Amino acid sequence: MPLIVVASPKGGVGKTTIAANLAVALQQQGRRVTAVDFDSQDALKFLLTDDPQQGLGIARCVATGRPWTDAALPGRAGLRLIPYGESTPAERLHLKAVLDEDALAYALGGLLETDDDILLVDTAPGEGRLQARLEALADIQVIVLLADAGSMALVPNYRDGLLLRPANKGLPETLAILNQVDPRRRLSRDISQFIAEHHGGRFIGEVHYDEALSEAAACGQTAMEAAPDTLSARDIQAVAAKLDQLLRIPAQVG
Ligand SMILES: Nc1ncnc2c1ncn2[C@@H]1O[C@H](COP(=O)(O)OP(=O)(O)OP(=O)(O)O)[C@@H](O)[C@H]1O
Ligand SMILES: [Mg+2]
């Protein structure tokens, strides 16, 4: 399935920001993107649509047995957004309980229409059951890490050192993005250089610390549209182009 899962063992590292901007970048590069929010914070919609919200999203679709296309909203740059939507605690628990791998594959498969379609999903922080099932279905998992000591300390233990092992030949299915790289800060610079020298195969790119991203978010926008010539927008365009390429090599995917 042409599915990109944006995830991270850590919270607040920029998953939603990266997911939204990558989704717009891929759409701008000619793919048909459906962005799906699997985080009950329901934050992706603030960046990707200004359509009046009905509150319907995957949580209520699952609770009521409706197809996820019922929750689709027109999003930025022509992409399609399936929000998490409003939910009660019972609906959130229900969603985690019933979305086993088969149910998830069926629901996500129902969103695909053409060969150019990409599903890009944002997830809640951590490594819960839902994240594991999404990962099992994904062609590419993008792990967002910060260029700081806390994120780097996680790398050796993340999935038994997966990010430290050389990538498989062909497509590595788990790739990391180093986010909020700030060349003015020595530690950030050193981490970025170390990653580039030693783990280049597992890191698909870095995204600079750039207020253009947070300022765009404050206006309910992505930098890809609001500030496309900024450093961070160009970083994300570069990552999107690499992901696009990887998804076009079916023999090596998944
Ligand atoms: N490269 C960046 N430069 C500057 N600010 C950034 C960058 N990436 C993310 N941010 C800001 O960091 C904050 C957290 O980002 P975001 O909400 O995307 O993180 P998250 O990983 O999705 O959080 P959560 O774990 O709660 O879902 C936001 O204010 C966002 O605007
Ligand atoms: Mg988030």
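How each quantity is defined
Residues numbered from 1 in each chain as written. Chains lettered and ligands numbered in written order. Predicted model: local features only at pLDDT ≥ 70, side-chain atom pairs only at ≥ 80, totals over all residues. Heavy atoms only, no water. Pairing = 2+ DSSP bridges. Helix = DSSP H or I, 4+ residues; strand = E, 2+ residues; numbered from the N terminus. Buried < 20%, exposed > 50% of the residue type's maximum accessible area, 1.4 Å probe, protein only. Axes fitted to C-alpha atoms, helices over the stretch in contact; angles between N-to-C directions. Parallel < 35°, antiparallel > 145°, perpendicular 65-115°, else oblique. Left-handed = near helix turned anticlockwise from the far one by under 90°. Contact = heavy atoms within 4.5 Å. Nonpolar A, V, L, I, M, F, W, Y, C, P; charged D, E, K, R; others polar.

Some points on the sheet that holds strand β7 (residues 174-181)
Strands sit in the order β3-β4-β2-β5-β1-β6-β7-β8 across an open sheet of eight strands; the sheet is mixed. Looking at the sheet topology across the chains shown, the edges are occupied by β3 (73-74) and β8 (203-208). Sheet analysis places strand β2 (residues 32-37) next to strand β4 (residues 80-82), joined by three bridges and oriented parallel. In the sheet register, Val-36 faces β4, and the bridge partner there is Ile-82.

Considering the pairing of strand β6 (residues 140-146)
Buried residues dominate β6, accounting for seven of its seven residues. Burial of the side chains of β6 extends over both faces: Ile-140, Val-142, Val-144 and Leu-146 are buried on one face and Gln-141, Ile-143 and Leu-145 on the other. Sheet topology note: the strand β1 (residues 3-7)/β6 ladder contains four bridges and is parallel. Bridge assignment links Ala-7 to a residue of β6, and that residue is Ile-143. Alignment of β6 against β7, held across six bridges, turns out to be parallel. Bridge pairing links Val-144 to Ile-177 in β7.

Concerning the packing of helix α5 (residues 101-109) against helix α6 (residues 129-137)
The contact between α5 and α6 brings their axes to 10 Å, and the two run at 60°. Classified by the interaxial angle, the pair formed by α5 and α6 is oblique. The way α5 lies across α6 gives a crossing that is right-handed. When α5 is examined against α6, the residues Glu-101, Leu-104, Ala-105 and Leu-108 are found in contact with a partner set consisting of Leu-130, Arg-133, Leu-134, Ala-136 and Leu-137. Of the residues contributing to the contact of α5 with α6, the split by class is seven nonpolar, no polar and two charged.

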